[in-house]
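Per-entry structural report
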Amino acid sequence: MAAVALAGGVDDADMEIPEGEPCESLEELRKWKSDMRGHGTVAPGVVGTLLANLTQYAVAPSIAKQWSDCPFPDDHPAAAAVAAGTNLLEAAELCKAIVDAAMEWATDDMLMMVMRWVRRELMELLDKVVAPDLERVSHGGNESAAAATLERLALHWVRFRHTVKLLALWVLPSVDKSANTSNLKRRMRRLPAEMISCFDSLSVKFAHLVVVPCTTLLNRSRRDEATSDELDSVAKVADMMLCVSQVTLSAMKPFSHFVGVSQHQLAIRPGMSYFDRFHVPVVESAQEWYRGAALEAAEAPVREYLADVERILKREAETTSERLHRSTRNANIYVVQQEMLLGPGRAVLARVLEHFPQMLRDAHDAGAGSEHVARAFALYNDIRPSRIKVNGAWFPAYDSDATPVVSQLATGDNSFFEFVRDAGLDIVKARFTRVKEHIDSTTGGSKGEGGERSRLKNYDPEFIEALVSLYRWSEARVKGDFRGAAAFKAAHGEAFKEILGKAHEVQGQDAQAAYGHAHCVCAYFDFRLRRGDMTDEKLRRTIEDLLHIATFLDGDIFIAHYRRFLGDRLVQAKGDLDAEKIVVQELSMKYGKTATFNLEGMLKDVVTSADISTSYSEFARVNANRRGAARVRLPPWNFDCRVYTTTRWPRFQDIPEVRVPPDAQACMDHFVKFYVAGANKDRRLVWQWSQGRATVVARMYGSTKTLEMTTLQLFALLRFEDRDEWELGELAEQLGVTEDVMKRVVHPLALRAGTAKKSKNVIVLVKAAGGAGGASRTKFVLNKDVAKCPNRLIKYHPPQWPRP
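Everything numeric here is computed off the predicted structure, so don't read it as measured data. (Residues numbered from 1 in each chain as written. Predicted model: local features only at pLDDT ≥ 70, side-chain atom pairs only at ≥ 80, totals over all residues. Heavy atoms only, no water.)

**Focus: the overall build of the chain**
- The secondary structure content of the chain amounts to 30 helices and 9 strands.
- The buried share among the 804 residues of the chain stands at 47%.
- Residue pairs at least 24 apart in sequence account for 75% of intrachain contacts in the chain once pairs closer than 6 positions are excluded.
- Of the roughly 39400 Å² of accessible surface on the chain, a fraction of 50% belongs to carbon and sulfur atoms. (Helix = DSSP H or I, 4+ residues; strand = E, 2+ residues; numbered from the N terminus. Buried < 20%, exposed > 50% of the residue type's maximum accessible area, 1.4 Å probe, protein only. Contact = heavy atoms within 4.5 Å. Areas by Shrake-Rupley, 256 points an atom, 1.4 Å probe, with all protein chains shown as cover.)

**Topic: the pattern of salt bridges**
- A complete count under the given rule lists 26 salt bridges for this structure.
- Where Glu-475 meets Lys-479, a salt bridge forms, and the shortest distance between an N and an O atom there is 3.8 Å. Within this pair, Glu-475 and its partner Lys-479 are both found in helix H19 (residues 461–479), separated by 4 residues, close to a single helical turn.
- Residues participating in the shared-partner salt-bridge network are Asp-526, Arg-530, Arg-569 and Glu-580. (Salt bridge = Lys/Arg side-chain N within 4 Å of Asp/Glu carboxyl O.)

**Focus: H19**
- Across its 19 residues, H19 extends 27 Å between first and last C-alpha, which sits within 8% of the 27 Å expected from 1.5 Å per residue.
- When H19 is considered as a whole, its buried residues turn out to be Phe-463, Ile-464, Leu-467, Val-468, Leu-470, Tyr-471, Trp-473, Ser-474, Arg-477 and Val-478. (Expected span 1.5 Å × (residues − 1).)

**Re the sheet that holds strand S4 (residues 703–710)**
- Strand order across the open sheet formed by 3 strands is S3-S4-S9, with mixed pairing between neighbours. Each edge of the open sheet is held by one strand with a lone partner, namely strand S3 (693–700) and strand S9 (793–795). Neighbour to neighbour, the strand axes of the sheet diverge by 25° on average, direction disregarded.
- Judged from the 3 bridges that link them, S4 and S9 form a sheet pairing that is parallel. Pairing of Leu-707 across the sheet is with Ile-794, part of S9.
- Contacts between helix H28 (residues 711–718) and the sheet are confined to S3 and S4, with S4 contributing the most and set at about 135° to the helix. (Pairing = 2+ DSSP bridges. Axes fitted to C-alpha atoms, helices over the stretch in contact; angles between N-to-C directions.)

**Some points on a negative patch on the surface**
- Side chains of Glu-19, Glu-21, Glu-24 and Glu-28 sit close together on the surface and give a patch of like negative charge.
- Note that Glu-28 resides in helix H1 (residues 26–36).
- A relative accessible area of 38% means that Glu-28 is categorised as partly exposed. (Patch = residues over 30% accessible without salt bridge, like charges linked within 9 Å, V, L, I, M, F, W, Y side chains within 5 Å. Lys, Arg positive; Asp, Glu negative; His and termini not counted. Charge placed at Lys NZ, Arg CZ, Asp CG, Glu CD.)

**Observations regarding the packing of aromatic side chains**
- Tallying each qualifying case throughout the model produces 24 aromatic pairs.
- Ring centres of Phe-416 and Phe-482 lie 5.0 Å apart, and the angle between their planes is 70°; this geometry places the pair in the edge-to-face category. Taken together, the positions of Phe-416 in helix H17 (residues 416–443) and Phe-482 in the loop between H19 and helix H20 (486–501) put the pair 66 residues apart, joining distant regions of the chain. Here Phe-416 and Phe-482 have matching classes, each one buried.
- Each ring, one from Phe-416 and one from Phe-488, has its centre 5.8 Å from the other, and the planes form 55°; the classification is tilted. On the criterion of sequence distance, the pair formed by Phe-416 in helix H17 and Phe-488 in helix H20 is long-range, its members being 72 residues apart.
- You can call Phe-488 buried: its relative accessible area is 0%.
- Here Arg-351 stacks its cationic end above the ring of Tyr-305, 5.5 Å away from the centre of that ring. (Phe/Tyr/Trp six-rings, centres within 6.5 Å; stacked < 30°, edge-to-face > 60°. Lys NZ or Arg CZ within 6 Å of the ring centre and 35° of its normal.)

**Quick notes on the packing of helix H12 (residues 302–320) against helix H14 (residues 347–366)**
- One can describe the packing of H12 onto H14 by two numbers: an axis separation of 10 Å at closest approach and a directional angle of 110°. With respect to each other, H12 and H14 are oriented roughly perpendicular. With respect to the hand of their crossing, H12 and H14 are arranged in left-handed fashion. For the pair formed by H12 and H14, the contact residues are Val-302, Arg-303, Tyr-305 and Leu-306 on the first element and Val-348, Arg-351, Val-352, His-355, Gln-358, Met-359 and Asp-362 on the second.
- Classifying every residue of the contact of H12 with H14 by side-chain character gives 6 nonpolar, 2 polar and 3 charged. (Parallel < 35°, antiparallel > 145°, perpendicular 65-115°, else oblique. Left-handed = near helix turned anticlockwise from the far one by under 90°. Nonpolar A, V, L, I, M, F, W, Y, C, P; charged D, E, K, R; others polar.)

**Regarding the environment of Pro-281**
- Assignment of secondary structure puts Pro-281 in helix H11 (residues 273–296).
- Since its relative accessible area comes to 22%, Pro-281 is described here as partly exposed.
- On a C-alpha basis, the gap between Pro-281 and Thr-215 in space is 7.7 Å, while along the polypeptide they are 66 residues apart.
- If sequence neighbours within four positions are ignored, Pro-281 has contacts with Val-211, Thr-215, Phe-275 and Asp-276.

**Notes on the nonpolar core**
- If you look at the biggest cluster of nonpolar residues, it comprises 95 residues, and the most contacted ones within it are Leu-306, Phe-356, Tyr-380, Phe-416, Phe-488, Phe-558 and Tyr-562.
- Counting 53 residues, the second-largest nonpolar core is a separate cluster that includes Val-47, Leu-153, Val-234 and Met-241. (Core = buried A, V, L, I, M, F, W, Y, C linked by side-chain atoms within 4.5 Å.)

**Some remarks on the confidence of the model for the chain**
- On average, the chain scores 77 in pLDDT, and the residues at 70 or more come to 71%.
- Looking over the chain, one finds the lowest element-wise mean pLDDT in helix H18 (residues 449–457), namely 42, and the highest in H12, namely 93.
- Low pLDDT (under 50) marks residues 1–13, which in the prediction has 16 contacts with non-local residues, meaning those over four places away or in another chain.
- Within the model, pLDDT remains below 50 along residues 444–457, and this stretch shows 22 contacts once partners closer than five positions in the same chain are excluded. (pLDDT = per-residue confidence, 0-100.)

**Quick notes on unusual backbone geometry**
- Despite not being glycine, Asn-414 shows a phi value in the positive range, around 55°.
- Here Asn-414 lies in the loop between helix H16 (405–411) and H17.
- The backbone phi angle of Arg-483 is positive, close to 55°, even though this residue is not glycine.
- Residue placement: Arg-483 occurs in the loop between H19 and H20.
- Under the relative-accessibility criterion, Arg-483 is labelled exposed at 58%.

**Overview of the pairing of S3**
- Where burial is concerned, the two faces of S3 differ: the one with Ala-694, Val-696, Ala-698 and Met-700 is buried and the one with Arg-693, Thr-695, Val-697 and Arg-699 is not.
- When S3 meets S4, the two strands line up antiparallel, connected through 8 bridges. Of the residues in S4, the one forming a bridge with Ala-694 is Met-709.
- Between S3 and S4, which pair antiparallel and follow one another directly, the connecting turn spans 2 residues, one of which, Tyr-701, has a positive phi of 55°.

**Some remarks on the environment of Ser-228**
- For Ser-228, the position within the fold is in helix H10 (residues 228–247).
- Exposure remark for Ser-228: the relative accessible area of 42% places this residue in the partly exposed category.
- Between the alpha carbons of Ser-228 and Thr-319 there is a distance of 8.6 Å; along the sequence they are 91 residues apart.

**With respect to the packing of H28 against helix H30 (residues 739–746)**
- Orientation of H28 relative to H30, taken along the N-to-C sense of each, is 95°, at an axis distance of 9 Å. Taken together, the axis directions place H28 and H30 in an arrangement best described as roughly perpendicular. From H28, Leu-712, Gln-713 and Ala-716 reach across to H30, where they touch Met-742, Val-745 and Val-746.
- Taken together, the residues of the contact of H28 with H30 break down into 5 nonpolar, 1 polar and no charged.

**Points about H14**
- End to end, H14 covers 30 Å across 20 residues, agreeing with the expected 28 Å (1.5 Å per residue, within 8%).
- Along its length, H14 reaches its greatest deviation from straightness, about 35°, at His-355, and the proline Pro-357 lies no more than four positions downstream.
- If you check which residues of H14 are buried, you get Val-348, Leu-349, Val-352, Leu-353, Phe-356, Pro-357, Met-359, Leu-360 and Ala-363. (Bend = angle between axes of the 7 residues up to and from the residue.)

**A short note on the pairing of strand S8 (residues 779–782)**
- Of the two faces of S8, the one holding Phe-780 and Leu-782 is buried and the one holding Lys-779 and Val-781 is not buried anywhere.
- As paired strands, strand S5 (residues 725–727) and S8 are joined by 3 bridges and run antiparallel to one another. Within S8, the residue paired with Glu-727 across the bridge is Lys-779.

Right, dumping it as structure tokens:
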């Protein structure tokens, strides 16, 4: 075949290289090296001798070693040195030292001779070895011959690449530092690139035999039939195309392009050898392959299908990661995603979305995560077209929706959002069904005050616990299966906003439905916090649950409800004050200091009031130790009073005037005298009769019992020291309250005659129907059966006051 033309328009037929004779032995070569030092110039004859020695002792033997299965002819200069057993390693070192010494004094013309000699050596490789070999192998024309061509071309490329690097390392550094003109230096630095570009003519000539074996081998690897060694031939061809593409773009430094294919940072684009002759055919072949694979698996179960796609993507990544340029690798991965995860018209995606709710339902029923859900998210979350952008366009080009694919799993039809929302609304519907049944059973089907009160009182633990469980599961899926993706975080939040904020639209209730949720949540946590026996871990979890649910409620309504329940707990001394402080601190961080100002003030009042109570106890003890007129006569009551700031606390039931028994009045007057004697003389105390508590040691019918009740219940019970029977209206008149208030006070203490026999022995009063005067004539008498109660301590429920 004809000689291959060099890049840059230089033809090796025009080479003029001086002739010379190599040294006959290493001893002669050592002597010549010594003679070279100190010379001020280098004669042309010396250059000829130098190149002859390089050919025989250094470069040619190295080339022959690299091309061992196709050696040079026997008449090649290197053959004699090999036959004589010369130490080629020492000879090569001597030659390199001679080159360094000679190039130090060489002229530009002599440097050009060296460059031409390098070109000649490389061109002989292409003309005498590479091209004839490929021509011979490619004559068959069938698939096996094409595969053999690919293997031979890959092998030749590796050797040629090594040879260019060898010559550049041995010769060009010395030539470069000795060149006197910038033009000559530029030409020298381009020499390796010119040599690499020579191989481009071969890749063009055999292009039709190169791509087909590459795509065939890649398809065989997709069937798990190709070996790693076979795939390495594809990597070598890709490396050749990349190097050729790189050196044709710009003049590089001599060795900058000697990197592996996977390390190439070259941005490929149309018009480049790699893009047109390799990238495009390989990607189009992958498109055809995976489109067929998707059609074959169209009827497979979705979960098994996604598992297969995950395995295919992993295999494709492993096959191409170290063998193809990153652009080709990313394009192939994108092809798998488009063909097997989306499909034509997104048919595959539609089928996955159809089964996605069932995957979520199975995971929710199990109360844990799901490998199928996690796999679906991971596969669709990794579809990123930006990875395959080439020259401002897309290759391969697919019609794509502007919405990210993974967002459809989060918020589209049959999405995570819809599943969580529907599951939560089912919980809300079940709650309203229970509330309606409770109201109907309490009021006989009407929604009167009693039924409404029962609804508000009912904290419905089943509802809150189901809601918290759903929240925990949903949050765990976002953090686990969905890797904290922003789209799923938003879907999680929006679902609970729908559940708690718009439930009334689903239930057909009015706007008070959301109000009812806030009350129910606060009532549930009131029950939990009243127990006061939670460990730090359990308290932390309870607070987290409270804040999680409260996030989706109206903040002002929630704080208002929480304030009411907190006030009841603090007044009744239920729960743990330290735990209350922790909860308020967390609420302050979430809603701000302004929103929780009153809550913090209530906690401060409790601490301040405890100090006042301690001081009053000391004041009362001092009074008891006094003698004569200085001593205030007080009943043997253990009187205590808590003082709170009105503006900070929720409103309690207002009972303006109460006729207080004399003993109680004496204790109250004594406390007021103590309180206003200090710095509080300008403050006015308003007694909250609905909140007082009393512990009474009662002796009735030969039995001593300890009764816990409210202050007003105590005042009513004290009237029975005067006589055994009272009418409701008479008791109300005695205490100076309305009959409605009196009825609420005595109801927990009384039992209608002949009813609730199991609880008769714990009821302190027995109630009989009134006469002609109606409810005001209802009579109450002391219950003699209370003496039969085995319990020494009996606790009575406080009156049920309507909220102001």
